[in-house]
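A closer look at the structure
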Amino acid sequence: MTTAFVVVGHRGDPLNAPEETFQSIDSAFTHGANYVELDVHVSQDNVLVVSHDRDLYRVTNTHAIVSEHPFAELQKLHQANGEPIHSLDEVFAHFQSNPKAKFLIETKKTKHGNPKNMEALLVALIQKYHMENRVMVHSFSYESLAEMKKLMPAIPRIFIAGSLGRLNFERFTVTTGVNISSEIVTPQLVNQLHYIGQKVYVWDEMTEKQKHWDSVVNLPIDGVVTNYPEVGHEYQQLKGEADLKTISDDVAVVSDRPIATYENPYALVPNQHTATPGITLHATQYVAMKGRAFYQVGENTFVDADYVNPETLCPNLVPFVDAKVQLRAHQSSAVGYNSPTHPQNKTGSLRPNRQYTIDAIKVVNSSVWVKTDRGWVNTASLLLTLPSARPTQFTTQLSAYFGEKAADRIALLNLAALVPGSQLIKPAAIVSQSGPFATVTPGTITAQSIKKERTS
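Right, let's walk through the structure included here.

Each value, and the rule that gives it
- Throughout, a residue's number is its position along its own chain's written sequence, starting from 1.
- The predicted origin of the model limits local features to residues at a pLDDT of at least 70 and limits the giving and counting of side-chain atom pairs to 80 or more, whereas totals for whole chains, interfaces and linings rest on all residues.
- Hydrogens and water molecules were not included; the side-chain quantities draw on all heavy atoms of the structure.
- Whether a residue is buried, partly exposed or exposed follows from its accessible area with a 1.4 Å probe, protein chains only, as a fraction of its type maximum: under 20%, in between, or over 50%, in that order.
- Only DSSP runs of H or I with at least four residues qualify as helices, and only runs of E with at least two residues qualify as strands; both kinds are numbered from the N terminus onward.
- The criterion for strand pairing is that DSSP finds at least two bridges linking the strands in question.
- Throughout, a contact is declared for two residues whenever any of their heavy atoms are within 4.5 Å.
- Basic side-chain nitrogens of Lys or Arg form a salt bridge, by our definition, when they fall within 4 Å of a carboxyl oxygen of Asp or Glu.
- For the purposes of these results, a polar contact is taken to be a pair of N or O atoms within 3.5 Å, where, inside protein, one atom must be able to donate a hydrogen and its partner to accept one; residues adjacent in sequence count only when each atom of the pair is a side-chain atom.
- Axis angles are defined between N-to-C directions and span 0 to 180 degrees, where every axis is a line fitted to C-alpha atoms and, for a helix, only to the segment in contact.
- Geometric relationships in this document are graded by angle, where less than 35 degrees denotes roughly parallel, more than 145 denotes roughly antiparallel, 65 to 115 denotes roughly perpendicular, and other angles denote oblique.
- Crossing handedness is defined as follows: a turn of the near helix away from the far one that is anticlockwise and smaller than a right angle gives a left-handed crossing, while the clockwise case is right-handed.
- Three classes are used: nonpolar for Ala, Val, Leu, Ile, Met, Phe, Trp, Tyr, Cys and Pro, charged for Asp, Glu, Lys and Arg, and polar for all others, with Gly counted as polar.

**Notes on the pairing of strand 9 (residues 223–226)**
Burial of strand 9 is two-sided: the residues Gly223 and Val225 facing one way and the residues Val224 and Thr226 facing the other way are all buried. Two elements, strand 1 (residues 6–10) and strand 9, share 4 bridges in a ladder whose sense is parallel. Within the sheet, the bridge partner assigned to Val8 lies in strand 9 and is Val225.

Here's what the structure looks like:
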């Protein structure tokens, strides 16, 4: 699979059609499922019957224990859409001509490992219909998976775990993957299972809610067994098209106000809390897609990358927030864009002889961008003007700022007078053209005095 993860329709598409019927299976594949999950029991006459329950009452309104009846009798029972109970033989025959129809078969065994012939019956059908490359098997039964490994070792074998206590290395000797309940799955558990060579799938009960996808999609999983195959397919496409990078960086927001965070960056599902400027965040993933980028800074918490900078740069950026910028003398205009990381859409332009307030700052490679009410603007064409009140406070604030521990400096957001020494200025004159922008102020602080304060 080249997509982000495999989508498995849980018993087909059970919220739109009766489970494990042809209608339900067709609906799942139509809506983008890569596999359909089916459960099998063995009838009295050794036929693999497709049903989740050993008693067919829930789906047919007639009490009938699969193992106590021949299939000919069970087939007379019908589901709500009029379809009869199917055998796995019938399902394979029905979908044999569709090479995209693939199945995840759950072997339903008793706690004593019965029926003993289930795996042999399954292997015979796989071979009969040449489904070797279109079938995976999962089960709560270690014995069943061990038997499948013995009879058909090339078939993927996935152990179903509803609790951590069921996971152990003995089971991993016969499995190629684990299907974990959504109640216990965590990013750390997924990474640990991947480390020992196990693929990881996640499953939920029939009570699964569509909102569960907001967190499931953020996990580094290999597949999902879901009652929402259409929703799963949409997220599969979004995540498959995204550029995901695992990172481990300390970052912080550089902005004049808190910014929104998202539980799910793929569909921009918002969180209830915001990211506060100046607070160090640890980023574990970078996600870029469709002209936007995000940092993951917590479990199911993502922030817009446009407002985020490495923590080490923040002391040199924070002081410029709320300062003013204007065009250089030779510039007639400067274009504002929707994003500094993906400057594709124009949002406005800066005009001569006007000052614009810096709302946020972003360093992109070797360029520095500032956000104004006209959009994000590259500072290469800009001058910075500090308010006249700043020079009188400058020396005291600068000394206090560098007296703080490095980790605490970015929290001092009100030190607007601070300007990095390499970019400081003489009165009413441009001193440096080498920084992100040149700097102008009517004050009396010199670059030499700033350097002295910074050193001390």
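**Considering the environment of Ala283**
Residue placement: Ala283 occurs in strand 13 (residues 281–289). Ala283 sits in the buried class, given a relative accessible area of 0%. Between the C-alpha atoms of Ala283 and Ser248, which are 35 residues apart in sequence, the distance is 5.7 Å. If we ignore the near neighbours within four places in the chain, the residues touching Ala283 are Ile247, Ser248, Asp249, Val251, Tyr295, Gln296 and Val297.

**A few points about the pattern of salt bridges**
One pass over the structure, following the stated rule, counts 10 salt bridges. We note a salt bridge from Arg11 to Glu19, for which the minimum N-O separation is 3.2 Å. Among the residues examined, Glu19 registers a relative accessible area of 9% and is labelled buried. Taking the shortest distance from any N to any O, the salt bridge between Asp89 and Lys128 comes out at 2.9 Å. One end of the pair, Asp89, is in helix 4 (residues 88–95); the other, Lys128, is in helix 5 (residues 118–128), and 39 residues separate them in sequence. Accessibility expressed as a relative area gives 48% for Lys128, which makes it partly exposed.

**Examining the side chain of Ser349**
Within the element layout of this structure, Ser349 appears in strand 19 (residues 346–350). At a separation of 3.1 Å, a polar atom in the side chain of Ser349 contacts the side chain of Arg351. Apart from the residues within four sequence positions on either side, Ser349 is in contact with Ala334, Val335, Gly336, Tyr356 and Arg374.

**With respect to the packing of helix 1 (residues 22–30) against helix 4**
Helix 4 packs onto helix 1 with a crossing angle of 45° between their chain directions and a minimal axis gap of 12 Å. As summarised for this structure, helix 1 and helix 4 are arranged oblique, according to the angle between their axes. Regarding helix 1 and helix 4, the two cross each other, and that crossing is right-handed. On the side of helix 1, the interface is formed by Phe22, Ile25, Asp26 and Phe29, while helix 4 contributes Glu90, Val91, His94 and Phe95. Among the residues making up the contact of helix 1 with helix 4, the classes are represented as 5 nonpolar, 1 polar and 2 charged.

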